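Okay, here's what each chain looks like letter by letter:
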Amino acid sequence: MRQLQVDRLVALRSSLAGHKLIGVIHKITRTALEEAKVADIEHADEAYIELNLVRIALIGTLLDRDGSRENVFRRTLETVPEIDAGCFALEGERLTRFMGAISEVTAGAQRLSLGAYTLDPNAEAYVNGNKLFQRHALVVGSTGSGKSWTTARLLEQVAELKSANAIVFRHAR
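Rules and cut-offs
- Residues numbered from 1 in each chain as written.
- Predicted model: local features only at pLDDT ≥ 70, side-chain atom pairs only at ≥ 80, totals over all residues.
- Heavy atoms only, no water.
- Helix = DSSP H or I, 4+ residues; strand = E, 2+ residues; numbered from the N terminus.
- Buried < 20%, exposed > 50% of the residue type's maximum accessible area, 1.4 Å probe, protein only.
- Contact = heavy atoms within 4.5 Å.
- Salt bridge = Lys/Arg side-chain N within 4 Å of Asp/Glu carboxyl O.
- Expected span 1.5 Å × (residues − 1).
- Arc of directions from axis to C-beta.
- Phe/Tyr/Trp six-rings, centres within 6.5 Å; stacked < 30°, edge-to-face > 60°.
- Lys NZ or Arg CZ within 6 Å of the ring centre and 35° of its normal.
- Lys, Arg positive; Asp, Glu negative; His and termini not counted.
- Polar contact = N/O pair within 3.5 Å; in protein donor to acceptor, adjacent residues only side chain to side chain.

**Q** So what about the overall build of the protein chain? Which residues, and what values?
**A** Each helix and strand counted, the protein chain has three helices and seven strands in total. Each helix and strand of the protein chain, ordered N terminal to C terminal, gives the series β-β-β-β-β-α-β-β-α-α. Every one of the 173 residues in the protein chain was classed for burial, and the buried ones make up 25%. The long-range share in the protein chain, meaning contacts at least 24 apart out of those at least 6 apart in sequence, stands at 50%.

**Q** Would you mind going over unusual backbone geometry in detail, with residue names and values included?
**A** The backbone of Asp-7 sits at a positive phi, close to 75°, despite the residue not being glycine. Even without being glycine, Asn-71 reaches a positive phi, approximately 55°. Residue placement: Asn-71 occurs in strand β4 (residues 69-74).

**Q** Quick rundown of the pattern of salt bridges? Include the residues and the values.
**A** On inspection of all chains with the given rule, the structure shows six salt bridges. Here Glu-91 makes a salt bridge to Arg-8, at a shortest N to O gap of 3.4 Å. Within this pair, whereas Glu-91 is found in the loop between β5 (87-89) and α1 (92-102), its partner Arg-8 is found in the segment before β1 (9-13), the two being separated by 83 residues in sequence. Residue classification places Glu-91 among the partly exposed positions, given a relative accessible area of 36%. Taking relative accessible area as the criterion, Arg-8 reaches 8% and is therefore assigned buried. The salt bridge involving Asp-66 is made with Arg-74; its shortest N-O contact spans 2.9 Å. Asp-66 sits in the partly exposed class, given a relative accessible area of 28%.

**Q** Just give me the short version of helix α3 (residues 147-159), but keep the residues and values in it.
**A** Between its first and last C-alpha, α3 extends 18 Å over 13 residues, near the 18 Å set by a 1.5 Å rise per residue. All of the buried residues in α3 are Leu-154, Gln-157 and Val-158. Buried residues of α3, seen end-on, are gathered within an arc of 100° and therefore sit on one face of the element. Of the exposed residues in α3, the ones pointing more than 90 degrees away from its buried face are Ser-148, Trp-149 and Ala-159.

**Q** So what about the environment of Phe-98? Which residues, and what values?
**A** With respect to the helices, strands and loops of the structure, Phe-98 is situated in helix α1. Phe-98 gets classed as buried once you look at its relative accessible area, which sits at 1%. C-alpha separation for the pair Phe-98 and Leu-9, spaced 89 residues apart in sequence, amounts to 9.7 Å.

**Q** Mind laying out the packing of aromatic side chains, listing which residues take part and the relevant values?
**A** All chains considered together, the criterion is met by one aromatic pair. Here the basic side chain of Arg-94 rests over the ring of Phe-88, its NZ or CZ set 4.1 Å away from the ring centre.

**Q** Outline the side chain of Asp-120, supporting the account with residue identities and numerical values.
**A** Inspection of the secondary structure assignment puts Asp-120 in the loop between β6 (111-116) and β7 (124-128). Buried charge Asp-120 goes without a salt bridge, the closest partner of opposite sign being Arg-8 at 4.8 Å. Engagement of the side chain of Asp-120 in a polar contact is seen with the backbone nitrogen of Asn-122, the distance being 2.9 Å.

Okay, structure coming up:
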């Protein structure tokens, strides 16, 4: 419970093999139940039983395999979570893998690295270069959020592509 945070991504085990339900933590509450007071004999203190609740908004299903494709995310719920289903935070390699499924970066796609996620600096953030530059791309954010760094990083990687066309417009004051 101490490691969980609102807006973190989590996965719940599904009753279907190879399926995980993906959700976003919406609310966390911890409540001491005074009427369930228990004496801690070893420490001569009183400990309170806590009721810990995590409210999760389910956003879709992650499939290990869908036909010949691996790591596929569907924005539908294929099942419902079972009572006492295992639940774990999407961190590190799990977060990188999940976000790769969302951005549809496959083995043959041009993978453009954006850096790391604020939620987890151990998870790599990247996009599918083929999809990013199909039409138009825009980098926006508040002052100091890393727009210039992100644009420079993208342009470095685009320059390494075999056939890349890019026009950059920068708004100056």
